[in-house]
Amino acid sequence: MLNETSWGRVPIRKKLREMASDAIILLPEEIIVYILEDKRLSFLDVVNFSSTCKNMYKLVNNNNKLWKTKFFQSWPLLREVYQMNIELSDQMINWREEVKASISSRKKLFYHLSLMSNKHYRKQELSNSEFKEYDPLFRPEYGAHPLAYYFLVDELISLIKYPAIASNLTHRYYALKVVRYMKQNHLKDEWQKFISLPPKQQTLERGATIVAQWSQPERHVSYSTISSALDNIAEQTKELLREQHPAHSIFSVPAERFTFWKNNIIDDNQWNILEARQVTDALCKVLFTKLGFYGNSEMYYSSENSFIDRVLEHRLGIPITLAIVFESVARRLGIHCEPVSFPSHFLLRWKETYGPESKDTEHYYIDVFNGGQFLTKKNCPAIDGISRCPIERYNTHEAATVVEVVTRMANNLEIAARQHTHINGRNARLRSAVELRYMIQPNDENAILQLGRIYTLQQMDLTEFVKILQNMQKNLELTSRGQANIILQTFQALQKCPKPEEEVKPKKRVPGVKYAIGLIMRHKIHGYLCVITGWDARCMASIEWMNEMGVDELEEGADQPFYNISVDDGSCYYVAQENLLLAPNPEWINHHAIGKYFYKFNGTHYVPNEEKAREYPEDEKVRNELLTAYV
């Protein structure tokens, strides 16, 4: 029987490791690399292995393929970025250096993220100027790695998507704000590139992709994924055409023509009248019958209806997004459709031919919201309760440009944000929609004024907005400059006299305060679950508020503790102590700002972050005593 003294003073386990190491060294290099490429081995494992001897160090560090494999194992979503980046694809990439650059960028990101709560705890909302410290981390003109933006967005979205119950909620809360800033900062540049393209290359699907990316910063939304989904629908349509019309000319077209149609707006149908109708008929059957795309009339103004990635995923949308899907697939099949933005509806216009002789050719309007019906003035029904068919008076309406289509999408998102009944994140969605409108139309006075209202209501820094107003003045007609001057003076006055940030002063408990921050409560009357985020020893609201809320009708009136609470539906209230009781079965509270005050949910309560704990230093003891006694 072996024991540790059998081989002298060296422990058996260490000796076995040495034997295993010797055995690995004897393996062919290709086998060693193959083992190191295993997904279960991390970067650290590979680095540790390389430090075992000089030969292994050379083998590992000189193997570019190994580092490339480990890179994409760790960050698979970046593969598409490298494939699409033309500048990088034309050069030899040192993947070990890319790993180091990516890890370095991510470490810097987490350092800055860890400071956010301490810097911004007292602020209601953050303006873009308060994220400028992140610019050197992701903008190449400030010295960042050319793909640092993608490294950081990948890291932030991974943090956000990680199960919230197991996350640092404070880091997650600020990660949402940082990724929004980075993505929208990046997309402003992408939008300028897009509208600088030749008009024929400004396809609707690319414009719609920018809208989806702008409005969903917490999601990975890529054009290639959207384009592939549209390609797939086009292929299914060709398969149906092959079954029904095997002699169709589409099957003799070379692949490069399809690629051209995919990336360029075509001027005319590529087929004769009969074959063009065969294509549109097949597309309608595939899109609306086989795949089941349909209009979401029940939740028309849901934001998801305006995101092309969600529409392709759920096959549910509104006229404008369904029209973009139809037009994009039809174009891939050599069919030309024109988007037409009616005041009350959005349709696609189609003619059998668009040549010089087609001046008097009747227009058809494709109602994608209602199963792809082909309408004319003769058979057009009233739509959405309108007494007259919309195309009856607008049969010569100009085709909408991509900027006009994207502007209408932004308007829909603003309406959706204003009408959304669920409070969670509503202000952020509204701000995002209006900022999207401003990006698309920087001279839109209404969008600028809406931004001013939002920034003021959310007590944001107005420095950048004042600059926007100053630029706005230069482009206005003389009759409008007077109003702009008044607005500018108002905002400049607000900027000169900003509300001073209150210092966080520790709250001293008094005997009447029964509960503590972080406790999960149930409202005695309304029954909702909530979490306590703060308290006052007595009601500190205005006389007007107390009169409106009937505080004097409470048993103890205003002379009792009142609690700031965050409710599961995203709302916040100020509630009397007599109306609250400890929830017998504590649950997760789904509130968008929970991470501003707490860093963890431990099953019975929320644990305050450093800033909130400093504000209520005596609450921990009380909270623990209550939980021990009641939960």
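Preceding this paragraph is the structure being described.
Presented here is a report on the structure given in the accompanying data block. Computed from a predicted structure; not experimentally measured. Note that residues are indexed from 1 along each chain, following the sequence as it is written. Local features in this predicted model are restricted to residues of pLDDT 70 or higher, and side-chain atom pairs are both shown and tallied only at a pLDDT of 80 or more, whereas totals for entire chains, interfaces and linings draw on every residue. Hydrogens and water molecules were not included; the side-chain quantities draw on all heavy atoms of the structure.

**Looking at unusual backbone geometry**
Alright, step 1. Of note in the backbone geometry, Arg315 takes a positive phi value of approximately 60° without being a glycine.
Alright, step 2. Partly exposed residues are those whose accessible area sits between 20% and 50% of the maximum for their type, while under 20% is buried and over 50% is exposed, using a 1.4 Å probe and protein chains only. Residue classification places Arg315 among the partly exposed positions, given a relative accessible area of 34%.
Alright, step 3. A positive phi angle, near 55°, is found at Gln459, a position not held by glycine.

**Focus on the pairing of strand S5 (residues 364-367)**
Alright, step 1. Residues Tyr364 and Ile366 of S5 are buried on one face, and the alternating residues Tyr365 and Asp367, pointing to the opposite face, are buried as well.
Alright, step 2. For two strands to be treated as a pair, DSSP must find no fewer than two bridges joining them. Under the DSSP-based scheme used, a helix requires at least four consecutive residues in state H or I and a strand at least two consecutive residues in state E, with every element numbered from the N terminus. Across three bridges, strand S4 (residues 346-350) lies against S5 in antiparallel orientation. By the bridge assignment, Leu348 is partnered in S5 with Ile366.
Alright, step 3. Two elements, S5 and strand S6 (residues 373-375), share three bridges in a ladder whose sense is antiparallel.

**Considering the layout of surface pockets**
If a probe the size of a water molecule is rolled over the atoms, the empty space left behind becomes visible.
Alright, step 1. Reported here for the second largest pocket is a volume of approximately 1,800 Å³.
Alright, step 2. Met84, Tyr150, His186, Glu190 and Gln213 are, among the 49 residues lining the second largest pocket, the residues nearest its centre.
Alright, step 3. Among the elements of the structure, helix H6 (78-84), helix H7 (86-89), helix H10 (148-161), helix H11 (169-195), helix H12 (204-215), helix H13 (223-244) and helix H16 (308-314) are those that each provide at least two residues to the lining of the second largest pocket.
Alright, step 4. Looking at the lining of the second largest pocket, the element that brings in the most residues is H11, giving seven residues.
Alright, step 5. Classifying every residue of the lining of the second largest pocket by side-chain character gives 24 nonpolar, 12 polar and 13 charged. In the cavity and pocket records, a cavity denotes points on a 1 Å grid over the protein atoms alone where a 1.4 Å probe fits but cannot get out, a pocket denotes an open set with protein on both sides within 12 Å along at least 5 of 7 lines, and lining residues are residues with an atom within 4 Å of a point. Grid points are joined across faces, edges and corners, and a volume is the space filled by probe spheres set on the points. Any residue that is not Ala, Val, Leu, Ile, Met, Phe, Trp, Tyr, Cys, Pro, Asp, Glu, Lys or Arg is counted as polar, Gly included; the first ten are nonpolar and the last four charged.

**So, empty space enclosed by the protein**
Alright, step 1. For the coordinates displayed, the defined rule picks out three cavities of 30 Å³ or more.
Alright, step 2. Of the voids in this model, the largest cavity is the one considered here, and its volume is about 70 Å³.
Alright, step 3. Taken together, Ser127, Asn128, Ser129, Arg431, Glu435, Tyr455, Met460, Asp461, Leu462, Glu464 and Phe465 form the lining of the largest cavity.
Alright, step 4. Sorting the residues of the lining of the largest cavity by element identifies helix H20 (426-440) and helix H22 (463-475) as the ones contributing at least two each.
Alright, step 5. In terms of residue class, the lining of the largest cavity is made up of four nonpolar, three polar and four charged.

**Things to note about the pattern of salt bridges**
Alright, step 1. In what follows, salt bridge is the name for a side-chain nitrogen of Lys or Arg lying within 4 Å of a carboxyl oxygen of Asp or Glu. Under the defined criterion, the tally for this structure stands at 37 salt bridges.
Alright, step 2. The closest approach of N and O atoms between Asp231 and Lys262, which form a salt bridge, is 2.9 Å. Of this pair, Asp231 sits in helix H13 while Lys262 is found in helix H14 (residues 255-263), placing the two residues 31 residues apart along the sequence.
Alright, step 3. Each member of the salt-bridge network shares a partner with another, and the members are Glu205, Asp231, Lys262, Glu327, Arg331 and Arg332.

**Remarks on the sheet that holds S5**
Alright, step 1. Read from one edge to the other, the open sheet built from four strands follows the order S3-S4-S5-S6, with strand pairing classed as antiparallel. Of all strands in the sheet, those with a lone pairing partner are strand S3 (338-341) and S6, marking the two edges. Put simply, the sheet's adjacent strands are angled 35° from each other on average, direction ignored. With axes taken as lines fitted to C-alpha atoms, and helix axes fitted only over the stretch in contact, angles between N-to-C directions fall between 0 and 180 degrees.

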